[in-house]
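# A structural walkthrough
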Amino acid sequence: MDKMLSVVLPAYNEEQMIKKTSQVVGDLLEKEQIPYELVFVNDGSKDHTWEKILELKEERAHIKGVCFSRNFGKEAALYAGLERAKGDYVITMDVDLQDPPYLIPKMIRCIEEENYDSVATRRAVSYTHLTLPTT
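First, a word on what this report is: a plain description of the structure on this page. On a predicted model such as this, the values are computed, not experimentally measured, just so you know.

A full pass over the atoms with the stated rule returns 4 salt bridges. The residue Arg 60 makes a salt bridge to Asp 27 at a minimum N-O spacing of 3.3 Å. Taken together, the positions of Arg 60 in the loop between helix H2 (49-59) and strand S3 (63-67) and Asp 27 in helix H1 (residues 18-31) put the pair 33 residues apart, joining distant regions of the chain. Residue classification places Asp 27 among the partly exposed residues on the basis of a relative accessible area of 38%. Across the pair Glu 37 and Lys 64 runs a salt bridge, and its minimum N-O distance is 3.2 Å. Of this pair, Glu 37 sits in strand S2 (residues 36-42) while Lys 64 sits in strand S3, and the two are 27 residues apart along the sequence. Residue Lys 64 is classed as partly exposed on the basis of its relative accessible area of 27%.

Side-chain direction in a regular strand flips from residue to residue, so the side chains alternate between the two faces of the sheet. Among the 7 residues that make up S2, 7 are buried, leaving the element largely enclosed by the rest of the structure. Covered by surrounding structure in S2 are Tyr 36, Leu 38, Phe 40 and Asn 42 together with Glu 37, Val 39 and Val 41, the residues of both alternating faces. Where strand S1 (residues 5-11) and S2 come together, 7 bridges link them in parallel fashion. Each bridged residue has a counterpart across the sheet, and for Val 7 the counterpart in S2 is Leu 38. Regarding topology, H1 serves as the crossover connection from S1 to the parallel S2, and that connection is right-handed. Here 5 bridges tie S2 to S3, and the two strands are oriented parallel to one another. Residue Val 41 lies in a different strand from S3, and its bridge partner there is Val 66. Handedness of the crossover is the feature at issue here: the chain leaves S2, passes through H2, returns alongside S3, and the resulting connection is right-handed.

Conventions used here
- Residues numbered from 1 in each chain as written.
- Predicted model: local features only at pLDDT ≥ 70, side-chain atom pairs only at ≥ 80, totals over all residues.
- Heavy atoms only, no water.
- Salt bridge = Lys/Arg side-chain N within 4 Å of Asp/Glu carboxyl O.
- Helix = DSSP H or I, 4+ residues; strand = E, 2+ residues; numbered from the N terminus.
- Buried < 20%, exposed > 50% of the residue type's maximum accessible area, 1.4 Å probe, protein only.
- Pairing = 2+ DSSP bridges.
- Right-handed = clockwise from strand over helix to strand, strands pointing away.

Structure, rendered in structure tokens:
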């Protein structure tokens, strides 16, 4: 793929997940040979989230960081990350990996091969295990 992907990651008190998320997402994108940048936005965290982002910036060239002086909320953090994203494609995801990174290559294929303008995911819940009462 010759287009770059920006992954915007708003973070509030996520010091435990910054490095792991960077590694999981970065390793996946490198394996898939997708040029990328990870844009972490520290939304005024009270822990060491910003310090962890700065450490990663020193280790990996693909890391960008934005730091808010206080907590402005997820929407403001997403906006700040989107403003700084340089990629041809942009994905937003939570730092806690509740959004599965393994779907990223499939999402990109949907845009490039199926000519979609936008792709989103949603969690599907199966109700097959429920027993409904009979009347």
